[in-house]
Amino acid sequence: MKPARLLLLLSGYALLLAPAVRGCGPGRVVGSRRRPPRKLIPLAYKQFSPNVPEKTLGASGRYEGKIARNSERFKELTPNYNPDIIFKDEENTGADRLMTQRCKDRLNSLAISVMNQWPGVKLRVTEGWDEDGHHSEESLHYEGRAVDITTSDRDRNKYGMLARLAVEAGFDWVYYESKAHIHCSVKSEHSAAAKTGGCFPGRALATLEDGVRTPLWALRPGQRVLAMDEAGRPTYSDFLAFLDKEPRALTFFHVIETREPLRRLVLTPTHLLFVAQNSSAPAARFRPTFASHVRPGHFVLVVAGGGGLQPAEVVAVRDRRDVGAYAPLTRHGTLVVDGVVASCFALVQEQHLAQLAFWPLRLYHSLVGWPGVQGDGVHWYSGLLYRLGRLLLPSDSFHPLGVPQMES
């Protein structure tokens, strides 16, 4: 483990020596030279991007089950009436217009790119949500997470570039599948957070140094929020950045409830919080534990009336869906959310390792201050560390939801 920790640390430090704020937000570095637009390279026939199987965490993620019109999950699908997109709809049911919000957002973005690339040409969707079983087993078309696309003029010479534009539009997996179309897919709405490790809903509350409670979505770099130090004591810690920010994602969460005092923490299953088997353990001995492993009878740390930390027994654990997924990072690597102490990290059940790996990012902020407005999606540093960790650490180091599921 020591070599892995050292390599994670040194690799992260080397990344910070590259041009600053690459991918961290809009705009360019003051005083830097404006670079010419990046040349887009068309995908080759049978090429897919990213270069991993579709149903892996690094792409669109695992299949979660077919959605039928009469199922509870049907409400996850939303119709797309964008006039700049042509829907083939050969079934005459409107099914091709139904898709998840994430898929809709990417498709609408792609439609703009297509019109800019080829004036007079529109994006055309030949297959969207499939309710009739026309695709292979466990196809993401059954969940409204995949579309097959062409250009309106059906010029096959454009399809390689169309695939590249789909990658640029933010689809999680793009495949130049056949001479007749491009296949694109996205992550599920409630596993969107799993791609980075874990999140809280945007409406969850953090406590600022002046005692004001603020929703996570409103946090700004440089604000100090209530957290826990390595000795298990409450402290105020600098908020640095969001490791992930998905304001519109419909996300699957665990709800962990305590009594005496009453607290309710909502977080993704892969996220870490601090847990003990009994109430006599000191705060510093509470162990980082995946939310999905917490059970009634366990104890978590909560903020008491006087501002100190105390154990509280978990009395219920249930599931819920909510909109918005935010993963805040503080200098101490911990955060009090809705009165419960949680980690800033997820996927790997090693708080100390994660805190070490993010040391270069903390150093960067100490030296250059706070960045501007952070864009939505995964923080570039978080994404790179995750990919590096996948190379260095054994697969059983990760939460099961973080282990790629190979295509069947």
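Cut-off values and rules
Residues numbered from 1 in each chain as written. Predicted model: local features only at pLDDT ≥ 70, side-chain atom pairs only at ≥ 80, totals over all residues. Heavy atoms only, no water. Helix = DSSP H or I, 4+ residues; strand = E, 2+ residues; numbered from the N terminus. Buried < 20%, exposed > 50% of the residue type's maximum accessible area, 1.4 Å probe, protein only. Contact = heavy atoms within 4.5 Å. Areas by Shrake-Rupley, 256 points an atom, 1.4 Å probe, with all protein chains shown as cover. Pairing = 2+ DSSP bridges. Axes fitted to C-alpha atoms, helices over the stretch in contact; angles between N-to-C directions. Phe/Tyr/Trp six-rings, centres within 6.5 Å; stacked < 30°, edge-to-face > 60°. Lys NZ or Arg CZ within 6 Å of the ring centre and 35° of its normal. Expected span 1.5 Å × (residues − 1).

Let us look at the overall build of the protein chain. When helices and strands are tallied, the protein chain shows six helices and 20 strands. By residue count, 53% of the 408 residues in the protein chain fall in the buried class. A fraction of 66% describes how many contacts in the protein chain between residues 6 or more apart in sequence connect residues 24 or more apart. Total accessible area on the protein chain stands at roughly 18,800 Å², and carbon and sulfur atoms take up 53% of it.

What follows deals with the sheet that holds strand β8 (residues 181-185). Backbone-to-backbone hydrogen bonds join strands into a sheet, with any given pair of strands oriented parallel or antiparallel. Strand order in the open sheet formed by six strands is β1-β7-β8-β6-β5-β3, and the pairing between neighbours is mixed. Single-partner strands in this sheet number two, and they are β1 (48-49) and β3 (85-87). Bridge count between β3 and strand β5 (residues 123-127): three bridges; the pairing is parallel. Bridge pairing in β5 places I85 opposite L123. Contacts from helix α2 (residues 101-117) reach β3, β5 and β6 (146-151), with the element oriented near 140° to β5.

The next point concerns the packing of aromatic side chains. Applying the stated rule across the entire model yields ten aromatic pairs. Residues F48 and W173 carry aromatic rings whose centres are separated by 5.4 Å and whose planes lie at 35° to one another, so their mutual orientation is tilted. Of the two residues, F48 is situated in strand β1 and W173 in strand β7 (residues 173-178); the sequence distance between them amounts to 125 residues. Taking relative accessible area as the criterion, F48 reaches 27% and is therefore assigned partly exposed. A ring pair is formed by W173 and Y175, whose centres lie 5.4 Å apart and whose planes are at 45°; its orientation type is tilted. Grouping residues by exposure puts W173 and Y175 together as buried. By the ring-pair criterion, three or more aromatic residues cluster together here, those being F345, F358, W380 and Y381. Sitting over the face of the ring of Y142, K66 holds its NZ or CZ atom 5.0 Å from the ring centroid.

Next up on the list: α2. For α2, which comprises 17 residues, the first-to-last C-alpha distance of 24 Å matches the rise-based estimate of 24 Å (1.5 Å per residue) to within 8%. Listing the buried residues of α2 in full gives R102, C103, K104, R106, L107, L110, A111 and V114.

The residue R102 is located in helix α2 in this model. Sequence separation of R102 and D172 is 70 residues, and the distance between their C-alpha atoms is 9.9 Å.

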